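# Structural overview
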Amino acid sequence: MTQDLNNQQERNAQGIGIDANRILYRILRYWYLVVLSLVIFLTIAYFRNRYAIPVYSITSSILIKENESGSEGKLLYNNPLVQYSRNYLNELYIIRSYPLVERTLEDLNFGVSFLLEGNILTTEVYDIPYAVSIFSNTPVRFYFEAIDTRTFRLRTIGEEDIQETIFQFGDTITFQGLKAVFNLKGNTIFQTSDIPLVFQYSDPGSLAGSYVSRLKVTWAEEGAGVMNLSIDGKNAEKEIDFLRGLIQQYQAYDLEKKNLSASRTIDFITDQLSGIADSLHRVEGQLERFKDQNVRTNLSDDAMRFYSRLEALEAQKIELILRSNYYNYLTGYIKTSENLDQIILPTSVGITDPILSGLISTMIDTQLQLKMSTKTENPLIVDARRKINEVKKDIVESVENQKSTDKIKQNFIDKQIRDIEKQMGNLPFAERRLVSIQRNYSLLENLYIFLLQKKSEAAISKASTTSDIAIVNPPMAGGSVLSPKPLNNYLMALAGGLGLPLAIFVLLELLNTRVQSREDVEKVTEIPFIGGVGHKRADTNQEVLKNPKSSIAESFRALRSNLNYFIGKQEKAVFLITSSISGEGKTFTSINLASVFALSGKKTLIVGADMRKPKLFDDFGLTNLTGLSTFLAGIHDFDAIVQPTSYEHLHLISGGPVPPNPSELLLTPRMQEFVTEARKRYDYVIIDTPPLAIVTDAFVMANLADHTLFLVRQNYTPKMLLRTVQDFYSTGKLKNISIVLNDIYKSGPGYGYGYGYGYGYGYGYGYSYGYGYGIKKRKNGHGYYEEN
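Since we're looking at a predicted model, the values are computed, not measured.

### Re the pattern of salt bridges
Applying the stated rule across the entire model yields 16 salt bridges. Between Glu239 and Arg214 there is a salt bridge, with its nearest N and O atoms 3.7 Å apart. Note that Glu239 is positioned in helix α8 (residues 236-293) and Arg214 in helix α7 (residues 204-214), a separation of 25 residues in sequence. For Glu239, a relative accessible area of 4% corresponds to the buried category. Taking the shortest distance from any N to any O, the salt bridge between Arg323 and Asp406 comes out at 3.0 Å. Residue Arg323 is located in helix α9 (residues 301-336), and its partner Asp406 is located in helix α11 (residues 379-423); the two are separated by 83 residues in the primary sequence. Taken individually, Arg323 and Asp406 each receive the classification buried, so the pair is uniform in this respect. Overlapping salt bridges, with partners in common, bring together Glu145, Arg153, Arg155 and Glu164 in one network.

### What to know about the pairing of strand β12 (residues 226-233)
Pairing geometry for strand β1 (residues 56-64) and β12, over eight bridges, is antiparallel. From the neighbouring strand, Ser60 faces β12, where its bridge partner is Leu229. Hairpin connection, strand β11 (residues 216-219) to β12: the antiparallel pair is bridged by six residues, and Gly223 has positive phi, about 90 degrees.

### Considering the packing of aromatic side chains
Going through the model one piece at a time under the given rule, you end up with 31 aromatic pairs. Look at Tyr46 and Phe47: their rings are 5.4 Å apart centre to centre, the planes differ by 75 degrees, and that puts the pair in the edge-to-face class. What makes Tyr46 partly exposed here is its relative accessible area of 43%. The exposure class of Phe47 is partly exposed, given its relative accessible area of 43%. Linked through ring pairs, Phe114, Tyr130, Phe142, Phe144, Phe152, Phe167, Phe169, Phe175, Phe182 and Phe199 together constitute an aromatic cluster. Sitting above the plane of the Tyr682 ring, Lys603 keeps its charged end 5.4 Å from the centroid.

### What about the side chain of His707?
Tracing the sequence through the fold places His707 in strand β20 (residues 707-713). For His707, a relative accessible area of 1% translates into the label buried. From its side chain, His707 meets the backbone oxygen of Asn736 in a polar contact 3.0 Å long.

### A look at the pairing of strand β21 (residues 737-744)
Counting buried positions over the eight residues of β21 gives eight, a clear majority of the element. Two elements, β20 and β21, share six bridges in a ladder whose sense is parallel. Looking at the pairing, Phe710 lines up with Ile739 of β21. After leaving β20, the chain enters helix α24 (residues 719-730) and then returns to the sheet as β21, a path that is right-handed.

### Details of the nonpolar core
Within the largest apolar cluster, 44 residues are counted, with the highest numbers of intra-cluster contacts made by Phe638, Met671 and Phe674. Among all residues touching Phe638, those that are not within four sequence positions of it are Leu605, Phe631, Ile653, Phe674, Glu677, Ala678, Arg681 and Tyr682. Ile530, Val533, Leu563 and Ile567 belong to the second-largest nonpolar core, a separate cluster that totals 31 residues.

### Some remarks on the environment of Gln168
With respect to the helices, strands and loops of the structure, Gln168 is situated in strand β7 (residues 164-168). You can call Gln168 partly exposed: its relative accessible area is 45%. Considered as a pair, Gln168 and Leu184 are 16 residues apart in the sequence and their alpha carbons are 9.9 Å apart. The residues contacting Gln168, other than those within four sequence positions of it, are Arg150, Thr151 and Phe152.

### Some remarks on helix α16 (residues 551-567)
Here α16 spans 25 Å end to end across 17 residues, near enough to the 24 Å set by a 1.5 Å rise per residue. Those residues of α16 that sit buried are Ile552, Ala553, Ser555, Phe556, Ala558, Leu559, Asn562, Leu563 and Ile567. Gly568 lies just past α16 and shows a positive phi near 70 degrees.

### What to know about the sheet that holds strand β14 (residues 529-534)
One open sheet accounts for eight strands, arranged β14-β21-β20-β15-β19-β16-β18-β17; its pairing is mixed. Each of the sheet's edge strands pairs with one partner strand only, and the pair in question is β14 and β17 (643-644). Where strand β15 (residues 573-579) and strand β19 (residues 684-688) come together, five bridges link them in parallel fashion. If you follow Ile577 over to β19, its bridge partner there is Asp688.

### So, the sheet that holds strand β4 (residues 130-134)
If you walk across this open sheet you meet the three strands as β4-β9-β8, and the pairing is antiparallel. One side of each edge strand has no neighbouring strand; the edge strands of this open sheet are β4 and β8 (172-175). Here the average twist between neighbouring strands, direction ignored, is 35 degrees. Bridge count for β8 against strand β9 (residues 178-184) is four bridges, and the pairing is antiparallel. Paired with Thr174 across the bridge in β9 is Lys179.

### A few points about helix α13 (residues 486-511)
For α13, built from 26 residues, the straight-helix expectation of 38 Å at 1.5 Å per residue is met to within 8% by its first-to-last C-alpha distance of 37 Å. Those residues of α13 that sit buried are Asn489, Ala493, Gly496, Gly497, Pro501, Phe505 and Glu509. Those residues of α13 hidden inside the fold are in contact with α2 (20-29) and α3 (31-51).

What counts and how
Residues numbered from 1 in each chain as written. Predicted model: local features only at pLDDT ≥ 70, side-chain atom pairs only at ≥ 80, totals over all residues. Heavy atoms only, no water. Salt bridge = Lys/Arg side-chain N within 4 Å of Asp/Glu carboxyl O. Helix = DSSP H or I, 4+ residues; strand = E, 2+ residues; numbered from the N terminus. Buried < 20%, exposed > 50% of the residue type's maximum accessible area, 1.4 Å probe, protein only. Pairing = 2+ DSSP bridges. Phe/Tyr/Trp six-rings, centres within 6.5 Å; stacked < 30°, edge-to-face > 60°. Lys NZ or Arg CZ within 6 Å of the ring centre and 35° of its normal. Polar contact = N/O pair within 3.5 Å; in protein donor to acceptor, adjacent residues only side chain to side chain. Right-handed = clockwise from strand over helix to strand, strands pointing away. Core = buried A, V, L, I, M, F, W, Y, C linked by side-chain atoms within 4.5 Å. Contact = heavy atoms within 4.5 Å. Expected span 1.5 Å × (residues − 1). Axes fitted to C-alpha atoms, helices over the stretch in contact; angles between N-to-C directions.

Now the structure itself:
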């Protein structure tokens, strides 16, 4: 039982599959469509190869050197101003950033382009002897034509309201919202065979997106400092210039970033020096006036001793004052400024606290990460903002701690200064005043010299700093064109030209859920296949009687012969003709199968057992006043319902008047009596029944018949219904049954039933009806079955 179930499941799965023979036959049958598809695809490939603008790949490599290479400023002063902190993970994003790319496009003047219009394509002319300086930011497009080496013409594009003006090279012009200067490079103009060039200006900001999307940046390998750049473009020379310009801008950015701290330090010290210089100038004036008013300007030994002690203390006080000024700058900057990566480092003013320096470095690195991303909702960005706020609090706390410490130091120094000043009270007034003036002068002078030294260090560092970006491989075009590639295009066209019709044929096969051939039947069911019948062309169901030598008549004779293998040596037999749904040819098959028996001299009876829609009598010109229904109802006896036809040995019993309970009548004992009486009087009885999927009448009569013929119509019967019949067969509800493939009008591999009806009975009969595969619709009436 399990094996049978597995076999049935396997047949069901196969019934849904694809018939390769049918697909192959469609390809051979419609070879001209395949050829047409190939021609279309190959033509497209030809025009693509002929007119597509070549695309080149431009590559370059740069090296980002390590910081330990240093610069002269670092070697001389060990100045942290030149110790630029670099996060290598950010470099890939920096070089592809919109501001850097836009700056490159502006520097190269890529917003200006000259185009040459062709019949099919418009191409850019890059190496052209014209230089254009743009003073407006309005995108424009119009015709440009150089008349001679001094003048040129601009003309609007379009057929209506054409405006045209002649200008001179070198003049500032205004035309259609454009303000620019056109200059001629050299003494020759660009010749275009009377075809004007198209001048086009686009905002570099709008062009940046295209270049950023095409620019590819990768590390040469993990851990290496070499970065590979590549860009694909239709003008190799232009893309080479772009990569070269981008590298130069990247170097300038790197140098600017390294010098930013030094520049801001110089500005900070310059501001401090400005205030100190004024104070120093006032003290110098006081000292000069004192010397002019006093004859003795030299200090005594006691005064010199006091002065030396005060000078040392004032030097310490200068350092504390400078530190205090920086702390005030630092706390104010982090509270008000958003560019936290541009802050002045504490080491630039002599503050060497490692904790404070570490916190500021962390804040700068985190701020740089924020600038590299525009996705504000990114969890990493949210975490970075939180980290910056925490670092700010830590910096303020550290500064307050330093201020507290410095305050203690300054109070101690002030106390020492006050003690010395008390001791100086014993000195003459002139000496006390001189010591005070010189002390103030020394304080300001030392502070001024200290700041000048720091400013000089920062300036030397800035002047001696070089970029860490070095070119390894200069921009160059690759060895081959990226596209178009003629061979690849033709191969793709060949694949597409063959693949498209094949895909269509496969799709048609997948969408076809109806029985087409004997193979379709055998994939779904194990019911024996007994034979097939071709498509009728005459507008009559009496094909055998009207055309006894036709191929359809021969197919019914073959069917008669094959039935002998199922009934054995029985001299009399009852055959049941049924199908799954209406329209599959039960009436046609019943009439013609009975006709071949009658023509062979056998007494044959056709019984119209479809009492719901009786119509067999119409084909023979008989009546339906009596029939099977009146016999089963007890109204007439057997002799009263039999109607002889105009053909010898062939009689008919029609369905009779439509009863209200046909199924119940079939269950009465009179049905058994009817079949018994028919067997006695006739050699063969052919019973035409309603479809199995509609009513159960056929199940009732199947047990009374010797053999059942189940009809399947080509390109009409759904495959799913075959599974239902298989279930009836496997469960024993239908026995002694075989399948007939009817109305075969498609022939060829995968269609019809080929040959060999005998199923190993020692007899084969082959037919090839050739009724023209490809008939898609038959006209109403002619060629159609007219029964259920």
